[in-house]
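Read off the chains here:
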Amino acid sequence: MESRTCPVLICDDSMLIRKKLRATLEAMHCQVYEAKNGLECVEMFKLHTPNTVFLDIVMPELDGLEALKQIKQCDKSARVIMLSSTGTAKKLLEALKNGATDFIQKPYTKDQIAKAIGYIE
């Protein structure tokens with residue numbers, strides 16, 4: 001089995017989503033970091049500089065859009081993929097305008113996650 005580390009940061013206020021996404025990413029040989037709100041996400045990003053960030057839009061403390069802006073201030077080339085449920089079209093457009101790489105709608109599939117991180121089996 002190939003051993004590679006692909007540092008990924010998951011930021012979602014739902015522990016269930018983080019747990020499910022962590023399992024999916026670890027099966028793809030990723031080193032996974034977690035944050036439960038936007039403030040924690042920005043701190044974790046500065047600490048670990050992951051290759052990819054999966055970022056929920058609606059969260060307490062600091063929402064995904066603000067976290068995205070702060071991450072992009074730290075690193076303009078950061079790969080941030082917004083992961084959110086339906087009904088956020090306006091926020092999605094704002095996220096893309098602020099530098100989000102992509103958008104995946106919940107519930108996501110394993111294939112969408114694999115494609116987002118460039119994982120090839």
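Check the entry above for the structure.
Calculation rules
Note that residues are indexed from 1 along each chain, following the sequence as it is written. This being a predicted model, a pLDDT of at least 70 is required before a residue's local features are given, and a value of 80 or more before pairs of side-chain atoms are given or counted; all residues contribute to the totals for chains, interfaces and linings. Each side-chain value is derived from all of the structure's non-hydrogen atoms; neither hydrogens nor water enter the calculation. Throughout this description, the term salt bridge denotes a Lys or Arg side-chain nitrogen within 4 Å of a carboxyl oxygen of Asp or Glu. In this description a helix means any DSSP run of H or I spanning at least four residues, a strand means any run of E spanning at least two, and both kinds are numbered starting from the N terminus. Here's how the labels work: a residue is buried when its accessible area is under 20% of the maximum for its type, exposed when over 50%, partly exposed in between, all with a 1.4 Å probe on protein chains only. Note on contacts: a residue pair qualifies if any of its non-hydrogen atoms lie within 4.5 Å across the two residues. Strand pairing requires that DSSP identify at least two bridges connecting the strands. In this description, a line fitted to the C-alpha atoms serves as the axis of each element, helices being fitted only across the stretch in contact, and the angle between N-to-C directions of two axes falls anywhere from 0 to 180 degrees. Taking the helix axis as origin, the arc is that swept by the directions to the C-beta atoms. Counting of polar contacts relies on pairs of N or O atoms within 3.5 Å, with two restrictions inside protein: one atom must be capable of donating a hydrogen and the other of accepting it, and residues adjacent in sequence are counted only when both atoms are side-chain atoms.

## Overview of the pattern of salt bridges
Thought 1: In this structure the tally under the stated criterion is eight salt bridges.
Thought 2: Where Lys106 meets Asp12, a salt bridge forms, and the shortest distance between an N and an O atom there is 2.8 Å. Within this pair, whereas Lys106 is found in the loop between strand S5 (102–105) and helix H5 (110–117), its partner Asp12 is found in the loop between strand S1 (6–11) and helix H1 (15–26), the two being separated by 94 residues in sequence. Asp12 matches Lys106 in its accessibility class, with the two residues each being buried.

## A word on the environment of Lys91
Thought 1: With respect to the helices and strands, Lys91 occurs in helix H4 (residues 89–97).
Thought 2: Placed 26 residues apart in sequence, Lys91 and Leu65 show a C-alpha to C-alpha distance of 7.7 Å.
Thought 3: Every residue in contact with Lys91, bar those within four places of it in the chain, is listed here: Ile57, Val58 and Leu65.

## Focus on the sheet that holds strand S2 (residues 30–35)
Thought 1: Reading across from one edge, S2-S1-S3-S4-S5 is the order of the five strands in this open sheet, with parallel pairing throughout. With partners counted over all chains shown, the strands left at the sheet margins are S2 and S5, one partner each. Across the sheet, the mean angle separating the axes of adjacent strands is 20° when strand polarity is ignored.
Thought 2: Sheet topology places S1 next to S2; six bridges connect them, and they run parallel. When the sheet's bridge partners are listed, Pro7 is paired in S2 with Gln31.

## Some remarks on helix H2 (residues 38–48)
Thought 1: Buried within H2 are the following residues: Gly38, Cys41, Val42, Met44 and Phe45. Projected down its long axis, H2 carries its buried residues within an arc of 165°, all on one side.
Thought 2: Buried residues along H2 sit against S1, S2, strand S3 (52–55) and helix H3 (64–74).
Thought 3: Sitting at the amino-terminal end of H2 is Asn37, which places a side-chain oxygen 3.0 Å from the backbone nitrogen of Leu39.
Thought 4: After H2 finishes, the residue Thr49 shows a positive phi value of roughly 35°.

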